[in-house]
Structures are given as C-alpha cells and as structure tokens.
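The chain contents come next:
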Amino acid sequence: MERFKQKLQAAAIPFRENEPLAAHCTFKIGGPAQLFVMPENEQQLCSAVALCKEQAVRYYLLGNGSNILFADEGFSGVVIDVSALDAEIAVEDTVLTAGAGVRLAALCKAALKHGLSGLEFAYGIPGTVGGAVYMNAGAYKDNMANHLVDVCVLKDNTICWMKKDELDYAYRHSIFQSHKDWTILVGRFQLEKGNQNDIRDLMDARRERRMSAQPLNKPCAGSVFRNPEEIPAWKLIEDLGLRGHKVGGAKVSEKHCNFIVNDDLTATAQDVRDLIHEIKVKAKKEYDIDMVTEVEQLYW
C-alpha cells in the first residue's frame, strides 16, 4: 500500500488514510477505508483505477453512497470517491450528457432549465449518474435505461462508448454489476422537448410524494429489497408483521416497510444484515419467496 500511496502522490491525486465511511453514505454506517481517493477529474479517476489494477489493490467506486452498506470494520483497500469529480453537464438539442459524478438532482434541474422532459421520475432520488446507470435506478414505472443512449466506459484500460442495447438492462440490473472492473465515466440521455412549467410541476410532485411516503428524515439506503413478481416488497414485509421490527439499532421503517433505518444512529452493519436475513428467512418460510436485496453490501 505504501508504493500505491507514493504513486498517487506522484500523480497529484488527493487521498486520505483511514477515512470513516459512515461519513460518506446515507446509512451513516461503516468503519474506515484504508485509503479514500478523491479524483478531481476524469483523467485522475482513470489513473487511480489503473493504479489499483497495476498494483493488484482491491478497490470500490463510490458515488453518493445512497445504496450501500459498508462493513463495521471498514474496507481493506481503496475507496474511490467518484462524487468528488468536477463533473459537467452538456446539452445539445434534446440530448443531455453528464459525468458519472453528477448528482441526479443536478441532472434533473439541468433538464428542467432547458425544457427537456423524461427525467422527472428521478428527481429526489439520492445518487449520482454513475450509480443510477449502474443500478438502473427507477421509480414511478420509469428508469434510467428508458432514456439512456450510451455510456462512456473505462474498460480493459481503454475508454470506449457502449450502446444501451449492449448493457443488458433489466429491473435494477445492468451488465456493470457483473463487470465491476468497468468504470462508468459519462452517460448520454435522450429526452423530449416539453413545457417547462409542466416539467417543474411533475418534478415537484414526484419529490413531494417521495418525501411523504419514505423515511428520508432518517439514515437509510433507500429500498432494501427488489420487488418480487408476486407482491410489492413493502407489502410482503408488512404482511409478515415486521413493520417497526428492530434488531439492535436497525429498524424496519414504520413509514415504508421496504426501508431499514439506522434508528437513533445506533445501528451497526451487522444489525442491518441480521434484520435483512430475518426478513429473507420469514419471506421464504411463509410465502416461499426468495427476497433479493437491492442495497449493495461491502465487506471488509
């Protein structure tokens, strides 16, 4: 790791040692990363990833930290903070191009500013473009893949553009989840001309509905489980009698049962994992349904 740090310093890429990961995720859970790298531009991001591969150093690309559960012990390797990038948004006619580190809220506001419709569903989703493209984030029967044209990717030490139909998109799924060594750099989105007032009204309505229905005033990581085909995840968890159920400081939200909240900031990652396991076991026993987690879990 010392040689790795020396190479980062030589490339003038900012980093911190033993950075608490709880400060970089919406769950507010997680021990320190051995190294926390903060590239300031796309070139530094590519260099940091290349260094990790060259030095055989384990690494994780972090966006806004809104869909991740870090380990209590932290992360034995390098966390690269993509949200630190000085990412830009470009608009050409009805096409919006954005760097991986751009917040979804900023992307939606840029679309609104230029009278472009299509991303209203995403307003209020905490996350970055890179994370949303990776997870195929969605809401209100819409998702990122529906509007994506292509993605600029660092793949096998080469930067290339990949068309949407190459990316195996499905519900909360993309090819990037099985190719974690590929790095999303830029996303390009095809939108439609719309009435600015109508776009603003729909964005506000979506955000207000999200705020009223979800426990966003408490540390959490969004929806914990993907919806099974048979029944919405929240309804299944409620039918299991688990609304408000706690394991340590981790609690099934009373506001929305598919959210686990870090109640009073006392939850550990193990508390959350134990609660997830309990829900899975009961769903399998009572309904013969295999619950699939949407939240990524990162181990030491």
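Scroll up a little and you will see the structure.
Draft legend 1. Local environment of a negative patch on the surface. Where like charges cluster on the molecular surface, the negative patch consists of Asp-198, Asp-201, Asp-204 and Glu-208. One can find Asp-198 in helix α5 (residues 196-213). Residue Asp-198 is classed as exposed on the basis of its relative accessible area, which comes to 51%.

Draft legend 2. Spatial organisation of the sheet that holds strand β1 (residues 15-20). Read across the open sheet, the 4 strands follow the order β1-β2-β5-β3; overall the sheet is mixed. If you trace the sheet from one side to the other, it starts and ends with β1 and β3 (59-62), each paired once. For this sheet the average axis-to-axis angle between neighbouring strands, irrespective of direction, equals 35 degrees. With 4 bridges joining them, strand β2 (residues 32-37) and strand β5 (residues 75-81) adopt parallel strand pairing. Counted as the bridge partner of Leu-35 is Val-78 from β5.

Draft legend 3. Examining the side chain of Glu-296 more closely. Looking at the element boundaries, Glu-296 is found in strand β18 (residues 296-297). A distance of 3.5 Å separates the side chain of Glu-296 from the side chain of Tyr-134, its partner in a polar contact. Those residues in contact with Glu-296 that lie beyond four places of it in its chain are Tyr-60, Asn-67, Ile-68, Leu-69, Tyr-134 and Lys-180.

Draft legend 4. Representation of the pattern of salt bridges in the model. All chains considered together, the criterion is met by 16 salt bridges. One salt bridge connects Lys-163 with Asp-150, and the closest N-O pair in it is separated by 4.0 Å. A residue pair is termed long-range when its members are at least 10 positions apart, and Lys-163 in strand β12 (residues 158-163) and Asp-150 in strand β11 (residues 148-155) qualify at 13 residues. Since its relative accessible area comes to 3%, Asp-150 is described here as buried. The partner of Lys-218 in a salt bridge is Asp-263, with the nearest N and O atoms 2.9 Å apart. Taken together, the positions of Lys-218 in the loop between α5 and α6 (233-239) and Asp-263 in the loop between β17 (260-262) and α7 (269-287) put the pair 45 residues apart, joining distant regions of the chain. The partly exposed category is assigned to Lys-218, whose relative accessible area is 33%. Assessed through its relative accessible area of 7%, Asp-263 is described here as buried. Ionic contacts of the salt-bridge type, sharing partners, join the residues Glu-2, Lys-5 and Glu-17 into one network.

Draft legend 5. Spatial organisation of the packing of aromatic side chains. Throughout the structure, instances matching the rule amount to 2 aromatic pairs. Each ring, one from Tyr-60 and one from Phe-70, has its centre 6.3 Å from the other, and the planes form 85 degrees; the classification is edge-to-face. Taken as a pair, Tyr-60 in strand β3 and Phe-70 in the loop between β4 (68-69) and β5 lie far apart in primary sequence, 10 residues in all. Seen in terms of ring centroids, Phe-176 and Trp-182 are 6.3 Å apart; in terms of plane orientation they differ by 80 degrees. Their pairing is edge-to-face. Grouping residues by exposure puts Phe-176 and Trp-182 together as buried.

Draft legend 6. Looking closely at the sheet that holds strand β13 (residues 183-190). Here we have 5 strands laid out as an open sheet, ordered β6-β7-β13-β11-β12, and antiparallel in their pairing. The open sheet has two edge strands with one neighbour each: β6 (89-92) and β12. Recorded for the sheet is a direction-independent mean angle of 15 degrees between the axes of neighbouring strands. In this structure, β11 lies alongside β12, joined through 6 bridges in antiparallel fashion. For Cys-152, the partnering residue across the bridge sits in β12 and is Trp-161. Contacts from helix α2 (residues 42-54) reach β11, β12 and β13 within the one sheet, and its direction differs from that of β13 by about 140 degrees.

What counts and what doesn't
- Residues numbered from 1 in each chain as written.
- Predicted model: local features only at pLDDT ≥ 70, side-chain atom pairs only at ≥ 80, totals over all residues.
- Heavy atoms only, no water.
- Patch = residues over 30% accessible without salt bridge, like charges linked within 9 Å, V, L, I, M, F, W, Y side chains within 5 Å.
- Areas by Shrake-Rupley, 256 points an atom, 1.4 Å probe, with all protein chains shown as cover.
- Salt bridge = Lys/Arg side-chain N within 4 Å of Asp/Glu carboxyl O.
- Lys, Arg positive; Asp, Glu negative; His and termini not counted.
- Charge placed at Lys NZ, Arg CZ, Asp CG, Glu CD.
- Helix = DSSP H or I, 4+ residues; strand = E, 2+ residues; numbered from the N terminus.
- Buried < 20%, exposed > 50% of the residue type's maximum accessible area, 1.4 Å probe, protein only.
- Pairing = 2+ DSSP bridges.
- Axes fitted to C-alpha atoms, helices over the stretch in contact; angles between N-to-C directions.
- Polar contact = N/O pair within 3.5 Å; in protein donor to acceptor, adjacent residues only side chain to side chain.
- Contact = heavy atoms within 4.5 Å.
- Phe/Tyr/Trp six-rings, centres within 6.5 Å; stacked < 30°, edge-to-face > 60°.

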